[in-house]
Amino acid sequence: MKTIAFLFPGQGSQTVGMGHDLYQEYDFVREIFDTADEIAGAPVSQYCFKGPMETLTETVNLQPAVTAVNLACLEAIQRAGITCGFSAGHSLGEYSALASAGVVSMADTLRLVYKRGELMHRESVKHKGAMSAIIGLDIQTVDTLVQAGRDTGVLSVANHNAEQQIVVTGSPEAVAAVSEAAKSQGAKAIPLKVSGAWHSDLIKGAEDEFIAYLGAFSFNAPTNSVIHNVTADRCEDGQAIQQLMAMQLCSPVRWYDSIRRLLSENVEVFVEVGPGRVLTGLLRKIVPQDYNHKAFAVSNLKSLETLISELA
């Protein structure tokens, strides 16, 4: 039996039309989207299927939208009899990973991400922020640039996505300064189209309220091993996972280390569960060429059928 890891995307993977064919095909998918609409008090499903993109990408809509698609794909995969030994999610996607391991229910997952999106949106309106992807420098070099760049404003590493693909986050002037410093060392710096400085102290105003909100939910011990963003490690205790999710809001996403951890566990099949192919793209950058594995991305009926024909 091959060791399977489910990987769940976060913000940035969205497309208008995502999840629509699964919604038309399966009653259980319609239930997931109906739940998302009800919790958000907004037609999240319609933003997914018809847009407009501008409305879909508002954080308060996007977090339940991407999560609903992730959960729809997950449920379809699980109903086909395909289960995983490990799961991980990129930033927002970590909540879908928790659902896949039975740590929280699907409905509670949607409640948590809606609240998270609402609070992050509120803070991004109060504190203008920016993010930029630095391509071509390692984490130690970027950390050094970030430390030096803090003189110009709030600045930190948001995501360590691949060995030399690192996203910085913070105040616009500080992000611009560190981007220029990275370019002077031969790197590329690509500004990201985001509405806030995610995973930075600029959204720290959301932290206490979100921690209090998290405390109202019960977190179960996971049924499969979740590799967490904050630690790039597993955790078997529900209460400790709850604390990790409180820290996750303003901490760096250690995605590169998380995938390397999955490689150390001899995962042979990676399945990106949800819209887009961002995470399978990062896998190609991280997994050594001589490491024997297969990668799939399931976002619609056709890709679901491909997975089932290979694995079920």
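Our structure's up above, just so we're on the same page.
Calculation rules
Residues numbered from 1 in each chain as written. Predicted model: local features only at pLDDT ≥ 70, side-chain atom pairs only at ≥ 80, totals over all residues. Heavy atoms only, no water. Helix = DSSP H or I, 4+ residues; strand = E, 2+ residues; numbered from the N terminus. Rg over C-alpha atoms; globule rule 2.2 N^0.38 Å. Buried < 20%, exposed > 50% of the residue type's maximum accessible area, 1.4 Å probe, protein only. Lys, Arg positive; Asp, Glu negative; His and termini not counted. Charge placed at Lys NZ, Arg CZ, Asp CG, Glu CD. Patch = residues over 30% accessible without salt bridge, like charges linked within 9 Å, V, L, I, M, F, W, Y side chains within 5 Å. Areas by Shrake-Rupley, 256 points an atom, 1.4 Å probe, with all protein chains shown as cover. Salt bridge = Lys/Arg side-chain N within 4 Å of Asp/Glu carboxyl O. Pairing = 2+ DSSP bridges. Axes fitted to C-alpha atoms, helices over the stretch in contact; angles between N-to-C directions. Contact = heavy atoms within 4.5 Å. Phe/Tyr/Trp six-rings, centres within 6.5 Å; stacked < 30°, edge-to-face > 60°. Lys NZ or Arg CZ within 6 Å of the ring centre and 35° of its normal. Parallel < 35°, antiparallel > 145°, perpendicular 65-115°, else oblique. Left-handed = near helix turned anticlockwise from the far one by under 90°. Core = buried A, V, L, I, M, F, W, Y, C linked by side-chain atoms within 4.5 Å. Polar contact = N/O pair within 3.5 Å; in protein donor to acceptor, adjacent residues only side chain to side chain.

1. Remarks on the overall build of the protein
- Across its full length, the protein carries 14 helices and 9 strands.
- Radius of gyration (C-alpha) of the protein: 18 Å, near the 20 Å computed for a compact globule of 312 residues.
- Scored against the burial criterion, the 312 residues of the protein give a buried share of 57%.
- A distance of 4 Å separates the average location of the 24 positive side-chain charges in the protein from that of its 34 negative side-chain charges.

2. Regarding a nonpolar patch on the surface
- A cluster of nonpolar side chains, namely I190, L192 and V194, defines an oily patch on the protein surface of about 200 Å² accessible area.
- With respect to the helices and strands, the residue I190 is situated in strand β6 (residues 188–191).
- Since its relative accessible area comes to 41%, I190 is described here as partly exposed.

3. Observations concerning the sheet that holds strand β4 (residues 155–162)
- Taken together, 4 strands build an open sheet; the order of strands is β4-β5-β3-β6 and the sheet is antiparallel. This sheet does not close on itself; its edge strands, each paired only once, are β4 and β6. Across the sheet, the mean angle from the axis of one strand to that of its neighbour is 25°, orientation sign disregarded.
- Contacts from helix α8 (residues 139–149) reach β3 (130–135), β4 and β5 (165–170) within the one sheet, and its direction differs from that of β4 by about 165°.

4. Overview of the packing of aromatic side chains
- Applying the stated rule across the entire model yields 6 aromatic pairs.
- For the pair Y23 and F33, a centre-to-centre distance of 5.8 Å together with 80° between the ring planes defines the contact as edge-to-face. Here F33 lies in helix α2 (residues 27–40) and Y23 lies in helix α1 (residues 20–25), a separation of 10 residues in the sequence.
- Three or more aromatic residues joined by ring pairs form one cluster here, namely Y23, F33 and F49.
- Looking at K115, its charged tip hangs above the ring of Y213, at a distance of 5.5 Å from the centre.

5. Regarding the packing of helix α5 (residues 59–79) against helix α6 (residues 93–100)
- Two elements in contact, α5 and α6, have axes separated by 10 Å at closest approach and are oriented at 30°. With respect to α6, the element α5 is oriented roughly parallel. Remark: the crossing between α5 and α6 carries right-handed chirality. Mapping the contact onto sequence places T67, N70, L71, L74 and Q78 in α5 and G93, S96, A99 and S100 in α6.

6. A word on the nonpolar core
- Of all hydrophobic cores here, the largest spans 73 residues; its most connected members are F6, I77, F219 and V271.
- Counting 20 residues, the second largest nonpolar core, distinct from the first, contains A5, L7, I259 and L263.

7. Topic: the environment of I39
- Tracing the backbone through its elements, the reader meets I39 in helix α2.
- Residues I39 and S264, 225 residues apart in the sequence, show an inter-C-alpha distance of 38 Å.
- If we skip the residues at most four places from it in the chain, I39 touches A107, L110, R111 and Y114.

8. Here's the deal with the side chain of S87
- By the element assignment, S87 lies in strand β2 (residues 86–89).
- For S87, the side chain forms a polar contact with the main-chain oxygen of A97, separated by 3.5 Å.
- Side chain to side chain, S87 and S100 meet in a polar contact 3.1 Å long.
- For S87, the contacting residues outside a window of four places in its chain are F6, F8, A97, S100, A101, N224, S225, V226 and I227.

9. Considering the side chain of N159
- Mapped onto the fold, N159 is located in strand β4.
- Non-local contacts of N159, meaning those with residues more than four positions away in its chain, are made with H90, Q165, I166, V167, H199 and V253.

10. Things to note about the pattern of salt bridges
- The full count for this structure, using the stated rule, is 15 salt bridges.
- A salt bridge links R234 to E265; the nearest nitrogen and oxygen atoms lie 2.8 Å apart. Within this pair, whereas R234 is found in the loop between β7 (225–226) and α11 (238–248), its partner E265 is found in the loop between α12 (255–264) and β8 (269–273), the two being separated by 31 residues in sequence.
- For E265, a relative accessible area of 22% corresponds to the partly exposed category.
- In this structure, D257 and R254 form a salt bridge, with 3.1 Å as the shortest nitrogen-oxygen distance.
- You can call D257 partly exposed: its relative accessible area is 23%.

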